[in-house]
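An overview of the molecular structure
Chain by chain, the residues:
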Amino acid sequence: MNEKTLVAQALEKVLGEHLTLEEITNSIERPKVSEHGDLAFPAFPLAKIMRKAPQMIAQDIADQIEASDAYQVQPIGPYVNFFLNKAEISQATLTEIIEKQSHYGDQTIGENRMIPIDLSSPNIAKPMSMGHLRSTVIGNSIALLVEKLGYQPYKINYLGDWGTQFGKLIVGYKKWGSEQAVIENPIKELLRLYVEFHEKAETDPSLEDEGRAWFKKLEDGDEEALHLWKWFREESLKEFQRVYDLLEVTFDSYNGESFYNDKMNKPIELLEEKNLLISDQGADIVDLSKYDLNPALIRKSDGATLYITRDLASALYRKEEYNFDKAVYVVGNEQSIHFKQLKAVLKELGFNWADDIVHVPFGLITKDGKKLSTRKGKIVLLEEVLSEAINLSLGQIEDKNPSLENKEETARQVGVGAVIFHDLKNDRLNNFDFNLEEVVRFEGETGPYVQYTHARSASILRKTNWQPVEGQSYELNDAESWEVIKLLKDFPSVIERAAAKYEPSVIAKYVIDLAQTFNKYYAHTKIVSDDDQQDARLALVYSVKTVLKEGLRLLGVHAPEEM
Ligand SMILES: NC(=[NH2+])NCCC[C@H](N)C(=O)O
């Protein structure tokens, strides 16, 4: 049983006639300063009922509470404060972590039910943007989090590999492109053709018609169109793969928009059956006014389907294929309306599981305050950011630890870790301005700082050659270690909170907090000194190392043993 429940039950014995156990539990607070103990019950809400000053009520309650080994009670002002038994909790917490290792915090509540996660999903023939990086790393972390809770994540890279832009690209390629140039530098060249198409189309609108015609050919299975499209797709994927390899993110499926080209009839037939399609100037729409949303455009007047039509088909497919518990879509906040419409159309179709579709939005990355736009060629190339970060960390390692073996690999883990951590440490909905120096900073609240703390604890354990032995006493009762132990004890509930909110930043903030608290402890305490608490202190170091490593893993970041 956790301590809060224990304390609440003790309070209920005294206050049962005035408050329910639930009310008591909900009002218990965690004091901000450690002099006020570990848990506190505010007495002032009782002043009215009891017609007494809150200080006196607190005193009365404290006097009446049954004595326990688990805590000491002390009234402080209008609060009843509880000081938990540090030695007991330290023994229990450290024993549990040492026993469970990386499985500390694992749960089974997911019962293996599936959670498909739509993540990354870049668009073919365009560079992967910082937005796609965000989706990739947030989605990857969410997959690891739900897996930790016992669900089965299924990562889907829903590639943007279909739509009128491919008609435009074919036109651009045939008019101004060359095979050689595409082979040498696929995405750069395809982007150049795309940008050129839009520039030229401004003065020559007939290009747009040509583009549409080629997309129509593609949809109808024209051999030349299909061949070019496949080639563009493969070459683009090869380039994306380089980034995924650096990030070490894998996918269970690359079924993108094109996969649904032959599965569009299903949503359209269902909509027709329910008389939900309304003809509007030749196009077909679904009225969503009762949801306070604009109508969803399902089919254009020329018969072409749209982004939302493909998402309807893919949602139906995912429900059928995976019978999901939740279907998660990690996509930028600017697509919120789209996902509201998607859910509303599914609701209209009578699918109650529409409520299990979860759009997990995230904020925009800007550059000098401005939006990054592919069309205008204004982009930050992800691969360059990653290799810059790796180079900088290699420089640091060569400075600080020139004899380290495996420098290159450690530099990769630290550089890439820095980029991922930078992205995950803020609430995902926050917008932020991209700044390379900021991303590769190694001090302060950064990934490398946490990695460094992990490596430091590894080094202490290496030097002392410490191994856990069954039956060791892990009882610590000093104020410094207590701050660390409380955090270690919290880890399982932190994971739950992060998963429930689909918010990896909860984990990132936690590992920063744990690293800082441990470093403070380390500065104040002589860990290696031959007394009867040395084993317990080393068990604490061992546990901090274990939890930091597991926390970083849940973010998709490595924890090197040395750096
Ligand atoms: N099922 C989805 N709509 N997933 C998100 C796709 C993201 C889209 N390719 C984009 O880059 O904006």
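Worth saying up front: this structure is predicted, and the values here are computed from it rather than measured.

A word on the overall build of the protein. Per the secondary structure count, the protein includes 21 helices and 13 strands. Taking the principal axes of its C-alpha atoms as reference, the protein extends roughly 85 × 65 × 40 Å. Counting every position in the protein, which comprises 563 residues, the buried fraction comes to 40%. The contacts of the protein with a sequence gap of at least 6 include a subset with a gap of at least 24, amounting to 74%.

Attention now moves to the domain arrangement of the protein. When its domains are assigned, the protein resolves into domain 1 (3–84), domain 2 (114–262 + 311–371) and domain 3 (382–555). The C-alpha centroid of domain 2 is placed 55 Å from the C-alpha centroid of domain 1.

This brings us to the sheet that holds strand 3 (residues 79–84). Sheet architecture is open: 3 strands sit in the order 1-3-2, paired in antiparallel fashion. Of all strands in the sheet, those bounded by a partner on one side alone are strand 1 (39–42) and strand 2 (71–76). For this sheet the average axis-to-axis angle between neighbouring strands, irrespective of direction, equals 20°. Against the sheet, helix 1 (residues 3–15) makes contact with strand 1, strand 2 and strand 3, and its axis sits at roughly 35° relative to strand 1, the strand it touches most. Contacts from helix 4 (residues 54–64) reach strand 2 and strand 3, with the element oriented near 160° to strand 2.

To continue, consider unusual backbone geometry. For R51, which is not a glycine, the phi torsion comes out positive at approximately 50°. Structurally, the position occupied by R51 is in the loop between helix 3 (47–50) and helix 4. With 8 C-beta atoms counted inside 10 Å, the residue R51 sits in the exposed group. You will see that S121, though not glycine, has its phi angle at about 45°, which is positive. Secondary-structure assignment places S121 in the loop between strand 4 (114–118) and helix 6 (130–148).

The packing of two helices is summarised by the inter-axis angle and the distance between the axes. Two elements in contact, helix 6 and helix 21 (residues 534–555), have axes separated by 7 Å at closest approach and are oriented at 125°. Classified by the interaxial angle, the pair formed by helix 6 and helix 21 is oblique. Only R553, L554 and L555 of helix 21 make contact with helix 6, whose side of the interface consists of S141, L144, L145 and K148.

What follows deals with the site of the ligand. Residues in close proximity to the ligand include D118, S121, N123, Y158, G160, D311, Y329 and V331, which together make up its full environment. Classifying every residue of the shell around the ligand gives 3 nonpolar, 3 polar and 2 charged.

Another point: the UniProt feature "short sequence motif: 'HIGH' region" (unreviewed entry) in the protein. The feature "short sequence motif: 'HIGH' region" (unreviewed entry), as annotated in UniProt, sits at residues 122–132 in this numbering. Helix makes up 27% of residues 122–132 and strand 0%. Its end C-alpha atoms lie 6 Å apart.

Glancing now at the sheet that holds strand 6 (residues 277–280). Here we have 3 strands laid out as an open sheet, ordered 6-7-8, and antiparallel in their pairing. Where the open sheet ends on each side, the last strands, each with one partner, are strand 6 and strand 8 (296–299). Here the average twist between neighbouring strands, direction ignored, is 45°. Sheet analysis places strand 7 (residues 283–286) next to strand 8, joined by 3 bridges and oriented antiparallel. Bridging from a neighbouring strand, I285 pairs with L297 of strand 8. In the packing of helix 12 (residues 265–273) onto the sheet, contacts are made with strand 6, strand 7 and strand 8, and the angle to strand 8 comes to roughly 115°.

Let's shift gears to the environment of Q472. With respect to the helices and strands, Q472 occurs in the loop between helix 18 (447–464) and helix 19 (479–500). Note on Q472: 16 C-beta atoms within 10 Å, which makes it partly exposed. As a C-alpha pair, Q472 and T95 span 377 residues in sequence and 9.0 Å in three-dimensional space.

For soluble globular proteins, nonpolar side chains are generally found buried alongside one another. Membership of the largest hydrophobic core comes to 147 residues, with the highest contact counts inside it found for I142, A389 and V511. Here the element with the most residues in this core is helix 21; it accounts for 12 residues. Once you skip the residues sitting within four places of it in the chain, A389 turns out to touch G415, V416, A418, V419, V439 and V440.

We now examine the pairing of strand 2. A regular strand carries its side chains on alternate faces of the sheet. Burial of the side chains of strand 2 is restricted to one face: Y71, V73 and P75 are buried, whereas none of Q72, Q74 and I76 on the reverse face is. One ladder, built from 6 bridges, connects strand 2 with strand 3; its direction is antiparallel. Considered in strand 3, the bridge of Q74 is made with N81.

We now examine the packing of helix 6 against helix 16 (residues 407–424). Two elements in contact, helix 6 and helix 16, have axes whose closest approach is 10 Å; the angle formed by their N-to-C orientations is 85°. Considering their axes alone, helix 6 and helix 16 lie roughly perpendicular with respect to each other. Residues L133, R134, V137, I138 and S141 of helix 6 lie in contact with helix 16, whose contacting residues are I420, D423 and L424.

Below, the discussion takes up the environment of P45. The residue P45 is located in the loop between strand 1 and helix 3 in this model. Considered as a pair, P45 and P78 are 33 residues apart in the sequence and their alpha carbons are 9.8 Å apart.

Once that is clear, we can look at the pairing of strand 6. Direction of pairing for strand 6 relative to strand 7: antiparallel, over a ladder of 4 bridges. Bridging across to strand 7, I278 finds its partner in I285. From the end of strand 6 to the start of strand 7, which pair antiparallel, there are 2 residues, and Q281 there has a positive phi angle of about 45°.

Taking 1.5 Å of rise per residue, 13 residues should cover 18 Å, and helix 1 covers 18 Å from first to last C-alpha, within 8% of that figure. Taken together, the buried positions of helix 1 are occupied by V7, A8, A10, L11 and L15. Take helix 1 and look down its axis: the buried residues cluster within an arc of 165°, on one side only. Turned more than 90 degrees away from the buried face of helix 1, the exposed residues are T5 and K13. Next to the buried residues of helix 1 lie helix 2 (21–27), strand 1, helix 4, strand 2 and strand 3.

What counts and how
Residues numbered from 1 in each chain as written. Predicted model: local features only at pLDDT ≥ 70, side-chain atom pairs only at ≥ 80, totals over all residues. Helix = DSSP H or I, 4+ residues; strand = E, 2+ residues; numbered from the N terminus. Buried ≥ 20, exposed ≤ 12 C-beta atoms within 10 Å, placed from the backbone. Contact = placed C-beta atoms within 7 Å. Domains from an automatic or database assignment. Pairing = 2+ DSSP bridges. Axes fitted to C-alpha atoms, helices over the stretch in contact; angles between N-to-C directions. Parallel < 35°, antiparallel > 145°, perpendicular 65-115°, else oblique. Near = placed C-beta within 6 Å. Nonpolar A, V, L, I, M, F, W, Y, C, P; charged D, E, K, R; others polar. UniProt positions renumbered as here; feature names shortened; annotations may be inferred. Core = buried A, V, L, I, M, F, W, Y, C linked by C-beta atoms within 7 Å. Expected span 1.5 Å × (residues − 1). Arc of directions from axis to C-beta.

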